[in-house]
Amino acid sequence: FGIPEPVNTRTHPTWMIDLVLMPLVAFDNERRRLGMGGGYYDRTFAFIDEKKPRKPHTPTLLGVAHECQRVARVPTNALDLAAAHIVTDQQWR
């Protein structure tokens, strides 16, 4: 698509990432999120167990949205990861 890409091919495991900014289509007060529907973040970070204490180098998933994208409830399934926090133009959740 003509998008410049890094020439450095060195990669790091995803568990070494500190912070992941996730653009959101919608979110609710429980930090459930709706993205573009591909499930990319959920598959990439499926190793994160939300019920267990965070380990060193567990990425923090930060949703980014406008406050007007907040809805009453986002439908989810068992594979969906909630955001650790959601930041909007008006509030940090």
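**So, the overall build of the protein chain**
Here comes step 1: Each helix and strand in the protein chain was counted, giving one helix and five strands.
Here comes step 2: Along the protein chain, helices (α) and strands (β) appear in the sequence β-β-β-α-β-β when read from the amino end.
Here comes step 3: Viewed in the frame of its principal axes, the protein chain has a C-alpha envelope of about 40 × 40 × 25 Å.
Here comes step 4: Per-residue burial over the protein chain gives 26% buried out of 93 residues.
Here comes step 5: Contacts in the protein chain between residues far apart in sequence, at least 24 positions, make up 67% of those at least 6 positions apart.
Here comes step 6: Looking at the protein chain, you have 12 positive and 10 negative side-chain charges, and the mean spots of the two groups are 5 Å apart.

**Things to note about the pairing of strand β4 (residues 60–64)**
Here comes step 1: Both strand β1 (residues 19–23) and β4 contribute to a ladder of five bridges, which runs parallel. When the bridges of β4 are listed, proline 23 appears paired with valine 64.

**Some words on the pattern of salt bridges**
Between side chains of opposite charge, a pair can form as their charged atoms come close.
Here comes step 1: Applying the stated criterion across every chain yields a total of four salt bridges.
Here comes step 2: Note that arginine 32 and aspartate 28 form a salt bridge whose closest N and O atoms lie 2.7 Å from each other. Each member of the pair, arginine 32 as well as aspartate 28, carries the same accessibility label: buried.
Here comes step 3: Note that arginine 33 and aspartate 42 form a salt bridge whose closest N and O atoms lie 2.5 Å from each other.
Here comes step 4: Through salt bridges that share partners, Glu67, Arg70 and Arg93 make up one connected network.

**Section: a nonpolar patch on the surface**
Here comes step 1: Taken together, the side chains of Trp15, Met16 and Phe47 make up a nonpolar region of the molecular surface, amounting to roughly 310 Å² of accessible area.
Here comes step 2: Tracing the chain through its elements places tryptophan 15 in the segment before β1.
Here comes step 3: A residue is classified by how much of its surface remains accessible, and tryptophan 15, at 45% relative accessible area, is partly exposed.

**Section: the nonpolar core**
Here comes step 1: With eleven residues, the main nonpolar core is built from Val20, Met22, Leu24, Phe27, Phe45, Ile48, Leu61, Ala65, Leu81, Ala83 and Ile86.
Here comes step 2: If we skip the residues at most four places from it in the chain, isoleucine 86 touches Leu24, Phe27, Asp28, Arg31, Arg32, Leu62, Gly63, Gln91, Trp92 and Arg93.

**Looking at unusual backbone geometry**
Here comes step 1: Unlike most non-glycine residues, arginine 31 shows phi in positive territory, near 70 degrees.
Here comes step 2: You can see arginine 31 is positioned in the loop between β2 (26–27) and β3 (33–34).

**A word on the packing of aromatic side chains**
Here comes step 1: With the rule as written, the count across this model stands at one aromatic pair.
Here comes step 2: Here the aromatic rings of phenylalanine 45 and phenylalanine 47 are separated by 6.2 Å at their centres, their planes lie at 55 degrees, and the arrangement is tilted.
Here comes step 3: For phenylalanine 45, a relative accessible area of 4% gives the class buried.
Here comes step 4: A relative accessible area of 42% places phenylalanine 47 in the partly exposed class.

Basis of the calculations
Residues numbered from 1 in each chain as written. Predicted model: local features only at pLDDT ≥ 70, side-chain atom pairs only at ≥ 80, totals over all residues. Heavy atoms only, no water. Helix = DSSP H or I, 4+ residues; strand = E, 2+ residues; numbered from the N terminus. Buried < 20%, exposed > 50% of the residue type's maximum accessible area, 1.4 Å probe, protein only. Contact = heavy atoms within 4.5 Å. Lys, Arg positive; Asp, Glu negative; His and termini not counted. Charge placed at Lys NZ, Arg CZ, Asp CG, Glu CD. Pairing = 2+ DSSP bridges. Salt bridge = Lys/Arg side-chain N within 4 Å of Asp/Glu carboxyl O. Patch = residues over 30% accessible without salt bridge, like charges linked within 9 Å, V, L, I, M, F, W, Y side chains within 5 Å. Areas by Shrake-Rupley, 256 points an atom, 1.4 Å probe, with all protein chains shown as cover. Core = buried A, V, L, I, M, F, W, Y, C linked by side-chain atoms within 4.5 Å. Phe/Tyr/Trp six-rings, centres within 6.5 Å; stacked < 30°, edge-to-face > 60°.

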